[in-house]
Amino acid sequence: MVAEVRVNAARAFLWTPVAFGLGAAGYLEAGREPSFWWLGGVTLVLAAVWQTLRQRNATRLLVAVVSLAACGAAGGFAAKVRSDRVAAPIMAGERVVRRVEGFVVDVVSPGAGGPRLLIAPAWVSGLPPERTPRRIRVTIGENETPAPGQSIRLRAMLGPPPPPAAPGSYDFARDAWFDSIGGVGFVIGDWDAARLDPPPWRLRLSMAINAFRWSLAQRIYARMGPTSGGLGAAMVTGHEAWIPQAQTDAMRASGLAHIISISGLHMAIVGGFMFGVVRLGVAAWPWLALRAPGKKIAAVAGLVAVLGYLVISGAPPPAERAAITASVAFLAVLFDRRAITLHGLAVAALVILALKPETAGEPGFQMSFAATAALVALAEAWPRPVKEISTPWWIRWPQAGITWLAASVAASLVAGLATAPFAMQHFNRVAVWGLPANLAVAPLSSFVIMPFLAIGTLLEPSGLGAPFLAVAGWGIDGMVGIANGFAAAYGAQRIVASAPPQVLVVAFLGLMILCLWKGRLRWIGAPLALAVALWPRPTPPDAWIAADGATAAVRSGDVAVLLRTDAKRFGAELWARRRGLEPATWSLYACEKRVCAPALGAPVRLSLAWSRKTPDAETLSGMCAASEVVVIRGPAPARIPPLCADTVLLAAEDFARGGAAELYRHPDGWRIVWAQPLRGDRPWSRLLTSSDISGG
């Protein structure tokens, strides 16, 4: 055992991205903003101690422990530097109507209300220049979507990025902070063209690239048609504006949703396809094959293909991560190193985290890093086949087919197991048939869809891409058919409640022990990796209230019953899934005149007034008489009616301080857990004030 520990101490570098990422995640989850100088000082001290221990030939284990501690501190410091660098104004208060003039930077992934625009505002009514957000994101609705690069004028209901939908849930405002998005909302009416001064050259370059991507996506969609064109355009350019909701739901239910997002799979297929084609071309030309290193030429071609695909895709975070990982692999080939190793993965992960430390807290990075680490560890452990000489084809081909099938099953199984804890914790969904669905789609995506999409995209500007895009469309139709089949199968999806946050860290460390440790002690990581699946879940809350008090939901057995089935449904469904509840399609509450009251049999006697105005004394007294919990969206009245003395009364001031709320019934009364205290005092979690709310 001692020898095993010494061997793994020499492999400490493999753990540096783990330590760096945990340090960055620690910064993101801290309850208050750490000091720049404190984080920097700790990092320098630990680095100095590490260097001293190395010079004095201390034990390898001690050096490894101190180096990982230094990496953890460096991760926290890098995240702090990044947060300070992207700092930009954030709008305050509730959403209000504002006029906006600015440039369309990009058409981003659609939300529940339809296509969304990322805008660089030049002017926002009611805001001085120093308080104008650097970027805003608005839903365009049914209006015509302007192309990136256009200067437009519009009216929009704008406010700050949304807080967490429930206490302890994912903080969307934190993502917006690191993207410098200071306002979100939706467009009111039509937009018009505007005449504005030219923007800075970097913004012009970004908009020019995005305009090319948008035009290419439109051409691919028009060429492939509405059935397969939406997925085709998304897999090439990242634009998901034309994907029917039914296809999205089927891909998610069948465990194939990762194919829509441009990530490691797409980069591997495009880069590997270009690598294979160029290497085959060099080998087929004897004169060149004898005079040039075909493998290195192919690696350069693969690197160019990956970087080109990154630009065309719009460089979303998953694509950036995949491109860096693929680039490290191709560079390893150029420098006569093994392309796929855990060492190369560690380098790629460190580069990603150093550039954008906030990715340590993103589900996409966590899942992709865990899956890639598991696959690389599998590749290193996979037995190398013996190359036989003069084997007849009728023996060699079946053997190759069996080997490919076994490798595909093993890879899909290992990747699925590695990503399962994160899928359960963050998305609360388990695709029961994900493994067979991915196995069925793998040949289509690897040999038909992505290669023919790549060729068709390259030839489309010259008008010659139609035949190749048509073949890719047939492959996409086949993939959608497979997705529909598995999505309709019995028990296709299961809702799983989230475990306590620290349990995911335990599972992650268990996965890393399984992947990175060398020796028998690696199996200690197996029970740790299962922590999210096995950890007992606490009793779900009895009720949930939205962050602005506009709607609520209550628990009835394993079902979440919404008071207002037509409002804030996205947030209510997020809360329900996080607590392992199924959203109900029926209600136990009667809603009229902007007031919801409990009906007979309601599990929680909760009344809700969703008007921004305070209810009159008579209405409020009636609500309190019928309920044990009363929620009013408007400010609290100056005088509380006597009938409300024994009622839990929550008003706008409470939600301004606390955000979303969860209510637990206890024998001695109600316990309320608020979202805002769990967020802490951070740059992206600014508290709203009563004046902000009343002024809205």
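Summary of the structure given here. Just so we're clear, the structure is a prediction, and the values are computed from it rather than from any experiment. (Residues numbered from 1 in each chain as written. Predicted model: local features only at pLDDT ≥ 70, side-chain atom pairs only at ≥ 80, totals over all residues. Heavy atoms only, no water.)

### Concerning the overall build of the chain
- Helix and strand counts for the chain come out as 25 helices and 18 strands.
- A compact globule built from 696 residues would reach a C-alpha radius of gyration of about 26 Å, and the chain, at 27 Å, matches this within 12%.
- Counting only C-alpha atoms, the chain reaches 95 × 65 × 55 Å along its principal axes.
- Relative to its full complement of 696 residues, the chain shows a buried share of 47%.
- Accessible surface, the chain as shown: approximately 33600 Å² in total, 63% of it carbon and sulfur.
- Of the charged side chains in the chain, 64 are positive and 43 negative, and the gap between their average positions amounts to 10 Å. (Helix = DSSP H or I, 4+ residues; strand = E, 2+ residues; numbered from the N terminus. Rg over C-alpha atoms; globule rule 2.2 N^0.38 Å. Buried < 20%, exposed > 50% of the residue type's maximum accessible area, 1.4 Å probe, protein only. Areas by Shrake-Rupley, 256 points an atom, 1.4 Å probe, with all protein chains shown as cover. Lys, Arg positive; Asp, Glu negative; His and termini not counted. Charge placed at Lys NZ, Arg CZ, Asp CG, Glu CD.)

### A short note on the packing of aromatic side chains
- Applying the stated rule across the entire model yields 15 aromatic pairs.
- Note on phenylalanine 369 and phenylalanine 508: the rings are 6.4 Å apart at their centroids and 45° apart in plane angle, and the pair reads as tilted. With a gap of 139 residues between them, phenylalanine 369 in helix α14 (residues 363–381) and phenylalanine 508 in helix α18 (residues 501–516) connect regions that are remote in the sequence. Each member of the pair, phenylalanine 369 together with phenylalanine 508, is buried.
- Ring pairing ties together the aromatic residues Phe365, Phe369, Phe422 and Phe508, which thus form one cluster.
- Over the face of the ring belonging to tyrosine 170 we find arginine 174, whose NZ or CZ atom lies 5.9 Å from the ring centre.
- Above the ring of tyrosine 664, the side-chain terminus of arginine 671 is found at 4.5 Å from the ring centroid. (Phe/Tyr/Trp six-rings, centres within 6.5 Å; stacked < 30°, edge-to-face > 60°. Lys NZ or Arg CZ within 6 Å of the ring centre and 35° of its normal.)

### Some thoughts on unusual backbone geometry
- If you check the backbone angles, aspartate 336 has positive phi at about 60° while not being a glycine.
- Located in the positive-phi region is arginine 594, a residue other than glycine, with phi close to 65°.
- With respect to the element layout, arginine 594 can be found in the loop between β12 (589–592) and β13 (595–598).
- On the basis of relative accessibility, which here comes to 49%, the residue arginine 594 falls in the partly exposed class.

### A few points about the side chain of glutamate 628
- Within the secondary structure, glutamate 628 is located in the loop between α22 (617–626) and β15 (629–632).
- A distance of 3.0 Å separates polar atoms of two side chains, one belonging to glutamate 628 and the other to arginine 665.
- Those residues in contact with glutamate 628 that lie beyond four places of it in its chain are Val604, Arg605, Thr647, Val648, Arg665 and Trp670. (Polar contact = N/O pair within 3.5 Å; in protein donor to acceptor, adjacent residues only side chain to side chain. Contact = heavy atoms within 4.5 Å.)

### Things to note about the packing of helix α12 (residues 317–334) against helix α13 (residues 342–355)
- It is the contact of α12 with α13, at a shortest axis distance of 9 Å, that shows an interaxial angle of 140°. Judged by the angle between their axes, α12 and α13 are oblique. Relative to α13, α12 is oriented so that their crossing is right-handed. When α12 is examined against α13, the residues Arg321, Ile324, Thr325 and Val328 are found in contact with a partner set consisting of Gly344, Val347, Ala348, Val351, Ile352 and Leu355.
- Each residue belonging to the contact of α12 with α13 can be placed in one class, and the counts come to 7 nonpolar, 2 polar and 1 charged. (Axes fitted to C-alpha atoms, helices over the stretch in contact; angles between N-to-C directions. Parallel < 35°, antiparallel > 145°, perpendicular 65-115°, else oblique. Left-handed = near helix turned anticlockwise from the far one by under 90°. Nonpolar A, V, L, I, M, F, W, Y, C, P; charged D, E, K, R; others polar.)

### With respect to the state of the cysteines
- One pass over the full model with this rule turns up 2 disulfides.
- Paired through a disulfide, cysteine 591 and cysteine 596 show a sulfur-sulfur distance of 1.9 Å. Linking cysteine 591 and cysteine 596, the disulfide has an S-S dihedral of approximately 110° and is accordingly described as right-handed.
- Cysteine 596 gets classed as buried once you look at its relative accessible area, which sits at 0%. (Disulfide = S-S within 2.5 Å.)

### Some words on empty space enclosed by the protein
- Inspection of every chain in the model, using the stated rule, returns 1 cavity of 30 Å³ or more.
- A volume near 40 Å³ is recorded for the largest cavity.
- What lines the largest cavity is simply Leu14, Pro17, Leu342, Leu345, Ala346, Phe369 and Leu516.
- In terms of residue class, the lining of the largest cavity is built from 7 nonpolar, no polar and no charged. (1 Å grid on protein atoms, 1.4 Å probe; cavity = no way out; pocket = protein on both sides within 12 Å on 5 of 7 lines; lining within 4 Å. Points joined across faces, edges and corners; volume = space filled by probe spheres on them.)

### Regarding the pattern of salt bridges
- Inspection of every chain in the model, using the stated rule, returns 19 salt bridges.
- The salt bridge involving arginine 682 is made with glutamate 33; its shortest N-O contact spans 2.8 Å. Of this pair, arginine 682 sits in the loop between α24 (675–679) and α25 (690–695) while glutamate 33 is found in the loop between α2 (16–29) and α3 (36–55), placing the two residues 649 residues apart along the sequence.
- The class for glutamate 33 is partly exposed, based on a relative accessible area of 25%.
- Put simply, lysine 80 and aspartate 84 hold a salt bridge, and the shortest N to O gap is 3.4 Å. Residue lysine 80 and its partner aspartate 84 are located together in helix α4 (residues 60–85), separated by 4 residues, close to a single helical turn.
- Taken together, the shared-partner salt bridges connect Glu33, Lys80, Asp84 and Arg682 into one network. (Salt bridge = Lys/Arg side-chain N within 4 Å of Asp/Glu carboxyl O.)

### Brief notes about the environment of valine 496
- Tracing the sequence through the fold places valine 496 in the loop between β7 (493–495) and α18.
- Taking relative accessible area as the criterion, valine 496 reaches 17% and is therefore assigned buried.
- Each C-alpha atom, one on valine 496 and one on alanine 423, is 9.4 Å from the other, the two residues being 73 residues apart in sequence.
- Look past the residues within four positions of valine 496 in its chain and what remains in contact with it is Met424, Asn428, Val430, Arg537, Arg577 and Gly580.

### What about the pairing of strand β9 (residues 552–556)?
- Alignment of strand β8 (residues 543–545) against β9, held across 3 bridges, turns out to be antiparallel. Following the sheet pairing, isoleucine 545 is matched in β9 by alanine 552.
- Linking β8 to β9, which pair antiparallel, is a turn of 6 residues; within it glycine 549 sits at a positive phi near 75°.
- With 4 bridges connecting them, β9 and strand β10 (residues 559–562) associate as antiparallel partners. When the sheet's bridge partners are listed, valine 554 is paired in β10 with valine 561. (Pairing = 2+ DSSP bridges.)

### Some details on the sheet that holds strand β1 (residues 96–111)
- The strand order around the closed barrel built from 5 strands is β1-β2-β3-β5-β4, with neighbouring strands paired in mixed fashion. Taken over all neighbouring pairs, the strand axes of this sheet differ in orientation by 55° on average, direction set aside.
- In the sheet, β1 pairs with strand β2 (residues 114–124) via 9 bridges, with the strands oriented antiparallel. When the bridges of β2 are listed, glycine 102 appears paired with proline 121.
- The strands touched by helix α6 (residues 201–224) are β1, β2 and β3 (135–139); relative to β1, the strand with the most contacts, the crossing angle is about 55°.

### Quick look at the environment of leucine 504
- Looking at the element boundaries, leucine 504 is found in helix α18.
- Between the C-alpha atoms of leucine 504 and leucine 530, which are 26 residues apart in sequence, the distance is 9.6 Å.
- Ignoring sequence-local partners within four residues, the contact set of leucine 504 consists of Gln366, Pro421, Phe422, Gln425, His426 and Val532.

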